[in-house]
Amino acid sequence: MNAISSVGILRTNFQFCQVIIPLALFGLIAVATILKPSFLSLNNIQDILTQAAPLALVVLGQAFVILVRGLDLSVASLMASSAVLATAFNATSDAMIPVIFAATVLVSACVGLINGMLVTKRNVSPFLATLAMMIVLQGVRFYYTQGAPYGSLPEGFRFLGVGRIAGIPVNICAFCVCFCFLCWLLHKSSFGRMIYITGGNPTSAKLVGINADRVTIFCYVISSVMAGIAGLFLVGFVGTVDNWVGRGYEIDAIVACVLGGIMLTGGKGTLWGAATGALILILIFNVVIILGLPVQAQLIIKGIIIIVIAALFSRANEP
Amino acid sequence: MDLSRIGYFVRRFSLDPSLIIVIVLLVVVVTAGFLLSDRFGTMRNFMNVLEQASGLGYASIGQALVVIVGGIDLSIGSVVTASTVLMAAVVNVHPALMIPMIFGTLFFGVVIGFVNGYVTIKTGVHPLIVTLGTASILNGTVLIYTLQPTGSVPYWFEEFSYGRIGNVPISGIVMLICFLLVWVFLRYFQAGRALYAVGGNPEAAHLSGIRSNRVILFAYSASGFFAALAGAYFVSRTGVGDPRVGDPITLASITPVILGGLILGGGKGNILGVCLGVILISLLSNLLNYMNVSTFIQWVIQGLIIIVAVSVYVHKGKKL
């Protein structure tokens, strides 16, 4: 019964998302193309996608956490930490890349586990638990690097960040793999149903026999692991490791989720929406540059758009 | 001492149980300070700490008021920044406008806070998103205006942060008076009690005849006011308007609020706990500096303290 009713809620939300999100996306693309016809060139599209991929990876994870009524502020700090962790191997051969990825996933999963445990078992508010985690990770990272990261990364990282296979950016391929898997997990598997039910109403989830705590913890683990991986791809894209890799991504990820129609009250939204939200955000940044406005104007436009879109969504979801 | 006596004192002074954790931590830090450093336990050091704490103190009062009505204000840092730049930039051109600009800046803070509250009420968007949006807009505007510290203020304005009455810093006195006034307001005034009522249960508050919207507007406006006051303090301290000065303040203002026993989600907590939280954070960082502990380790300690403070009590009910 619960599964059915939460699907119903999804549908009503769906109709609205189906109109406004693609509309915003096409509107932006149209504006950009009119202003600068070369915007639609293959090269520029590839560039934009390459830029969007690390953010989109984080957004996918963040979406899971927001769906279970949470919030993950530790993602940006974790991105930088995974980048610093990667340099700790001081690897020179590309053969080490899988090892680096495995270590990152392991450490990130532990961070997600702690976040999830604090939120579920100790009933700490997600905002505070992940905020504290953000500060702790930042401290540990700076202490390890003493302010300036050293060590080196294998050459192959650059390929992961900016390389292309048959014209398709490598990091977009990675994003597609993660996206397909997570879409299956959230929208097709029974576990995904449990996530929606837990997010929609944790008490009734417990009553129908779902281990709501475990579902929530798992969502935090997904978010952290995605952030860790995104950190590695972002390092590949930027080309250097510093202590602030991914700074501001926690806010951008939350904003992208809200733009994509994922409700902060939990239980509503789709991964398609989240990914589109990320793309819209990156397009906004691009359009600002195309318009020749100062980079700081991105902040102003971002601020206005978050409030306006969030207001539209909250109106549309009023009973 | 026998335990029932403690219980008696707790009841006698109507101590909120949530205050106990900040008091215990404060005792631990001060005791450790006296044992570990011979420079920590001097009156001069305590006065210096009080002087340095006030910027964070002002910001935390505002944050606390918003948290009590069940919201959160992530625009505090950007209001601090915007007001420092606004004040320093205008006074730089017209030094005679110094005193009007102090009030002008405070008014600016109130306006931004009012806008936050108004948008939150009218759209029903989560305050997290609204204040994040305003923060982004304000930061962008300030950074378009200037990328470096800019402007100047007359030397006498320095007195607001560095001035002393006898041996006691003026800024510290102003901070303590603010805390005291807010405490009296929250405890003994009908309007103050309304803040708790709205934070605890907006519908019940509405049904019992409280105009929730006005109360929420008031809380956000007050938060903007205190953020602007913190901005004035930073201008007085540095003499310039710095477009980056407020960045760490937003999150820093949440820590004392949480340590003081306020609950995200609203309706509970004592503002004096927030005052103790501010003093605790300042004393702790002062002590760690004397012990030559690196800033990086201080971050770790700060994060761990938040985790410990919020996970000691298991809070039932709504969360943010």
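These numbers were taken from a predicted model, which means no experiment stands behind them.

Q: Please give an account of the packing of aromatic side chains that cites residues and values.
A: One pass over the structure, following the stated rule, counts 23 aromatic pairs over all chains. Between the aromatic rings of Phe40 of chain B and Phe46 of chain B, the centroid separation amounts to 5.5 Å while the plane-to-plane angle is 80 degrees, which identifies the pairing as edge-to-face. Among the aromatic residues, ring-to-ring pairing joins Tyr58, Trp156, Phe157, Phe160, Tyr233 and Phe234 of chain B into one connected group. The side chain of Arg141 of chain A reaches across the aromatic face of Trp244 of chain A, ending 5.9 Å from its centre. The ring of Trp244 of chain A carries Arg247 of chain A above its face, with NZ or CZ at 4.1 Å from the centroid.

Q: Please give an account of the packing of helix α3 (residues 43-68) of chain B against helix α12 (residues 249-259) of chain B that cites residues and values.
A: Residue and element names in this part refer to chain B. Packing of α3 against α12 leaves a shortest axis separation of 8 Å and a crossing angle of 70 degrees. In terms of orientation, α3 lies roughly perpendicular with respect to α12. Between α3 and α12 the crossing geometry is right-handed. From α3, Leu56, Ala59, Ser60, Gln63, Ala64 and Val67 reach across to α12, where they touch Ile249, Thr250, Ala252, Ser253, Ile254, Pro256 and Val257. Broken down by class, the residue content of the contact of α3 with α12 amounts to nine nonpolar, four polar and no charged.

Q: Tell me about the nonpolar core, residues and numbers included.
A: With 181 residues, the main nonpolar core has Phe64, Phe127, Leu128 and Leu271 of chain A as its most contacted residues. Per-element tally for this core: the top contributor is helix α10 (residues 212-238) of chain A, with 15 residues. Formed by 17 residues, the second largest nonpolar core is a distinct cluster that contains Val49, Leu56, Ile281 and Ile305 of chain B.

Q: Explain the state of the cysteines residue by residue, including any values.
A: Inspection of every chain in the model, using the stated rule, returns zero disulfides over all chains. Among the cysteines around Cys178 of chain A, which has no disulfide bond, Cys176 of chain A carries the closest sulfur, lying 9.4 Å off.

Q: Provide a residue-level description of helix α11 (residues 212-238) of chain B, including the pertinent values.
A: An α-helix turns once every 3.6 residues. As a result, residues three or four positions apart point the same way. Residue and element names in this part refer to chain B. An ideal rise of 1.5 Å per residue puts 39 Å on 27 residues; α11 measures up with 39 Å between its terminal C-alpha atoms. The element α11 is extensively covered by neighbouring structure, given that 21 of its 27 residues are classed as buried. Looking one or two places after α11, you find Gly239, whose phi comes out positive at around 80 degrees.

Q: Please provide a residue-by-residue account of unusual backbone geometry, values included.
A: Residue and element names in this part refer to chain A. Unusually for a residue other than glycine, Arg69 sits at a positive phi of about 65 degrees. Of note, Arg69 is situated in the loop between α2 (42-67) and α3 (75-88). Using a relative accessible area of 39% as the deciding quantity, one classes Arg69 as partly exposed. Unusually for a residue other than glycine, Ala166 sits at a positive phi of about 50 degrees. As for its placement among the helices and strands, Ala166 is situated in the loop between β1 (164-165) and β2 (168-169).

Q: A description of the confidence of the model for chain A should follow, citing residues and the corresponding values.
A: In the predicted model, chain A carries a mean pLDDT of 87, and 93% of its residues have values of at least 70. Here residues 1-11 of chain A is modelled with pLDDT under 50, and outside its nearest four sequence neighbours on either side it reaches 14 contacts, counting other chains as well.

Q: Before we move on, could you go through helix α11 (residues 249-259) of chain A and cite the residues and values that matter?
A: Residues and elements named next belong to chain A. Counting buried residues in α11 gives ten out of eleven residues, a clear majority hidden from the surface. All of the buried residues in α11 are Tyr249, Glu250, Asp252, Ala253, Ile254, Val255, Ala256, Cys257, Val258 and Leu259. Phi for Gly261, located one or two positions after α11, is positive at around 85 degrees.

Q: Tell me about the side chain of Ser78 of chain B, and please be specific about residues and values.
A: Residue and element names in this part refer to chain B. By the secondary structure assignment, Ser78 is in helix α4 (residues 76-93). The class for Ser78 is buried, based on a relative accessible area of 3%. Apart from the residues within four sequence positions on either side, Ser78 is in contact with Ala135, Leu138, Asn139 and Thr250.

Q: Give a detailed account of the environment of Leu42 of chain A, specifying residues and quantitative values.
A: Among the secondary structure elements, Leu42 of chain A is positioned in helix α2. Considering only alpha carbons, one finds Leu42 of chain A and Gly167 of chain A, 125 residues apart in sequence, at a separation of 9.0 Å.

Q: Which residues make up the packing of α3 of chain B against helix α13 (residues 271-290) of chain B, and what are the values?
A: Residue and element names in this part refer to chain B. Packing of α3 against α13 leaves a shortest axis separation of 8 Å and a crossing angle of 135 degrees. When the interaxial angle is binned, α3 and α13 end up oblique. As for the relative orientation of α3 and α13, their crossing is right-handed in sense. On the side of α3, the interface is formed by Asn45, Phe46, Val49, Ala53, Leu56, Gly57, Ser60, Ile61 and Ala64, while α13 contributes Ile271, Val274, Val278, Ile281, Ser282, Leu283, Asn286 and Tyr290. The residue makeup of the contact of α3 with α13, split by class, is twelve nonpolar, five polar and no charged.

Rules behind the numbers
Residues numbered from 1 in each chain as written. Chains lettered and ligands numbered in written order. Predicted model: local features only at pLDDT ≥ 70, side-chain atom pairs only at ≥ 80, totals over all residues. Heavy atoms only, no water. Phe/Tyr/Trp six-rings, centres within 6.5 Å; stacked < 30°, edge-to-face > 60°. Lys NZ or Arg CZ within 6 Å of the ring centre and 35° of its normal. Axes fitted to C-alpha atoms, helices over the stretch in contact; angles between N-to-C directions. Helix = DSSP H or I, 4+ residues; strand = E, 2+ residues; numbered from the N terminus. Parallel < 35°, antiparallel > 145°, perpendicular 65-115°, else oblique. Left-handed = near helix turned anticlockwise from the far one by under 90°. Contact = heavy atoms within 4.5 Å. Nonpolar A, V, L, I, M, F, W, Y, C, P; charged D, E, K, R; others polar. Core = buried A, V, L, I, M, F, W, Y, C linked by side-chain atoms within 4.5 Å. Buried < 20%, exposed > 50% of the residue type's maximum accessible area, 1.4 Å probe, protein only. Disulfide = S-S within 2.5 Å. Expected span 1.5 Å × (residues − 1). pLDDT = per-residue confidence, 0-100.

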